[in-house]
Amino acid sequence: MTLSVSDVKRIADLAYIEISDNEAKEALGQLSGIFDLIETMQAVDTSTVEPMSHAQNVLQRLRDDEVTETDQHELYQSIAPQVEADLYLVPQVIE
Amino acid sequence: MFNASLKQLSTQLAEKKFSSTELTTQFLQRIKQLNPEYNAFITVNEEMSLAQAKAADKMIAAGQAGPLTGIPIAQKDIFCAKGWLTTCGSRMLSNFISPYDAGVIERFNQAGAINIGKTNMDEFAMGSSNETSYYGMVKNPWDIAAVPGGSSGGAACAVAARLAPAATGTDTGGSIRQPAALCGISGIKPTYGLVSRYGMIAFASSLDQGGPMAKSAEDLALLLNVMTGFDPRDSTSLQRDAENYSQDLQKPLAGLRIGLPKEYFAEGMSQDVANAIEKTLIEYRKLGAQTVEVSLPNAPLSIPVYYVLAPAEASSNLSRFDGVRYGYRASSYSDLADMYRKTRAQGFGAEVKRRILIGTYVLSHGYYDAYYIKAQKLRRLIAQDFIAAYKQCDIIMGPTAPTVAFNLGEKSGDPIQMYLSDIYTSAANLTGMPAMSIPIGFGDKNRPIGLHIMGNYFKEAQMLNIAHQYQLVTDWHLKSPV
């Protein structure tokens, strides 16, 4: 498998991480090596194997639809980068 | 006092030889003295630790003490602790004072243990050398030119250098066991689902598991008794009856069948490690155990499988760090998307970004089946290998790491060489089975070597028994570098 610098930049864009051309070039070398290692998986035939997503074969637990938390927004917002009138502030999204 | 076992400390506290306040003060002073050299702790808060010690002294005086009441425990900086800076080794959380306690922290608080400080770690637990921490590298107390291992490198260093009687760690691919081996201490990753992940900052949720790190198996058992238990706030926490992990420690080992996977003894293990393992197996045969060769044909694929699944889960988990609700936010940006991109570019270090990129790629359209599903299928084959092996043996042994601790800087520029440090450990995370490391001697440059003891699901008590019996007839676990 061959990655290109533009692939790396596209992946970084999907991951919302700003990356310069130089950083992308450096990352390309390292990622290519890692994907060569990952590629060794293809040597084993797994056509009849069920994927294993989890270590324990247990069903998702359900709970009663009850309020269990108290309102702590002041505490939680006290550590936020920017808050105004109990709202988290972000740059304007809609003109 | 610094070399005492948890049981000895508890007895001395009960007999009023010293108070928890005195004990805590002693450890805080030792941290102040030695931590500048080792960098094992990111945060020490004397006021908060001593307030807990004072409360513990009251519990002891009132006759309400449990086995860990009044005993200082170093907490890995991945566990949220209310009022404590909780950084996960990252710039992204360099200003995060946790507003709540993790399930594990709550359990230690209820037991009356003292939080003696938050230990250094690889950023978001991604690393095997503790060199990716935003707070600087940790030194191996046996040789300050060497890495302590990672990601729980600060915890391993703290226990080895006797800066704390015991510590917590987390293990996603070997992050408790590999640093335990490299620093000459004991550590166990329990069966997935036994220790609450609530408030334990997520790396790869289907693999992450908290566990204790300490001087001996006997200490690990006491810590596991406190750390394990159902937590409804963790959707993968297991509902099962409480177990006493200390109860089987004294059982004789006669008849024990130790499986030696031929794949783990094939190549890659250095000679000093091979020699130490051989000597240890002789000791176990003297204790009445027999060894049998077993095969784990798919185990060598653990590393490629792990480096698909762990980054995939990490890329999803770490998407929450966006500079909106908590943590770091870039100081200048043009719009919302630019704020996300700059915040994440500046807040995450190189290794974390690398893994997010790998994970994003393997989950992206067109590659999901070839990488992610393929890795999950191999995960099942690896688990089936272990289940089959446990029909022929009770326990599996091998090296925890292929070599003794490497030098600081030796592998930091080569991610693949770094990833291969976890070649023996990551399978237990993929299967969810318990595994531990205990010290068994010294190799090149007089650096410690660890024995990897792997068991089937829920075999912790038996594994601790096996480790304890060895520690009764050897003294590697009592050795300290300072």
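Computed from a prediction, not measured in an experiment: that's the story for all the values here.

Student: Just checking my understanding: could you explain the pairing of strand β2 (residues 72-76) of chain B for this structure?
Tutor: Residues and elements named next belong to chain B. With respect to burial, β2 is a largely interior element, five of its five residues being buried. Of the two faces of β2, the one holding Pro 72, Ala 74 and Lys 76 and the one holding Ile 73 and Gln 75 are both buried throughout. Relative to strand β3 (residues 114-119), β2 is paired through five bridges, and the arrangement is parallel. By the bridge assignment, Ala 74 is partnered in β3 with Gly 117. Of the crossover connections in this fold, the one passing from β2 over helix α4 (residues 103-110) to the parallel β3 is right-handed. The pairing of β2 with strand β4 (residues 166-171) spans two bridges and is parallel. Across the sheet, residue Ile 73 finds its bridge partner in β4, namely Ala 166.

Student: Is there a simple way to explain the packing of helix α9 (residues 302-317) of chain B against helix α11 (residues 350-362) of chain B in this structure?
Tutor: Each pair of packed helices can be described by the angle between their axes along with the distance between the axes. All names here are of chain B. Where α9 meets α11, the closest approach of the two axes is 7 Å, and the angle between their N-to-C directions is 100°. What the angle tells us is that α9 and α11 run roughly perpendicular. Packed against α9, whose contacting residues are Tyr 307, Val 308, Pro 311, Ala 312, Ala 314 and Ser 315, the element α11 presents Arg 355, Ile 356, Ile 358, Gly 359, Thr 360 and Val 362 at the interface.

Student: Help me out: how do you make sense of the confidence of the model for chain B in this one?
Tutor: When pLDDT is averaged across chain B, the result is 97; 100% of the residues are at 70 or more. Both scores are given for the predicted complex: the pTM is 0.97, the ipTM 0.95.

Student: Explain the nonpolar core here, please?
Tutor: A general tendency of soluble globular proteins is for nonpolar side chains to be buried together. Residue and element names in this part refer to chain B. Membership of the largest hydrophobic core comes to 169 residues, with the highest contact counts inside it found for Ala 158, Val 159 and Ile 453. The biggest single contributor to this core is α9, with nine residues. Ignoring sequence-local partners within four residues, the contact set of Ile 453 consists of Ile 395, Met 397, Ala 435, Met 436, Ile 438, Met 463, Ile 466 and Ala 467.

Student: How should the UniProt feature "domain: Amidase" (unreviewed entry) in chain B be read in this particular structure?
Tutor: Annotation from UniProt places "domain: Amidase" (unreviewed entry) at residues 22-464 of chain B. Between the first and last C-alpha atoms of residues 22-464 of chain B the distance is 31 Å; the span itself is 37% helix and 14% strand.

Student: Quick question: what am I supposed to make of helix α3 (residues 46-61) of chain B here?
Tutor: Residue pairs three or four apart in sequence face the same way in an α-helix, which turns once every 3.6 residues. Residues and elements named next belong to chain B. With 16 residues, α3 extends 22 Å between its outermost C-alpha atoms, agreeing within 8% with the 22 Å of an ideal straight helix rising 1.5 Å per residue. Turning to α3, its buried residues number three or more, namely Ser 49, Gln 52, Ala 53, Ala 56, Asp 57 and Ile 60. Seen end-on, α3 carries its buried residues on one side only, within an arc spanning 150°. Among the exposed residues of α3, those oriented more than 90 degrees off its buried face are Glu 47, Lys 58 and Ala 61. Of the surrounding secondary structure, the elements contacted by the buried residues of α3 are α1 (6-14), α2 (20-38) and β3. Two residues or fewer after α3 comes Gly 63, characterised by a positive phi angle close to 75°.

Criteria and thresholds
Residues numbered from 1 in each chain as written. Chains lettered and ligands numbered in written order. Predicted model: local features only at pLDDT ≥ 70, side-chain atom pairs only at ≥ 80, totals over all residues. Buried ≥ 20, exposed ≤ 12 C-beta atoms within 10 Å, placed from the backbone. Helix = DSSP H or I, 4+ residues; strand = E, 2+ residues; numbered from the N terminus. Pairing = 2+ DSSP bridges. Right-handed = clockwise from strand over helix to strand, strands pointing away. Axes fitted to C-alpha atoms, helices over the stretch in contact; angles between N-to-C directions. Parallel < 35°, antiparallel > 145°, perpendicular 65-115°, else oblique. Contact = placed C-beta atoms within 7 Å. pLDDT = per-residue confidence, 0-100. Core = buried A, V, L, I, M, F, W, Y, C linked by C-beta atoms within 7 Å. UniProt positions renumbered as here; feature names shortened; annotations may be inferred. Expected span 1.5 Å × (residues − 1). Arc of directions from axis to C-beta.

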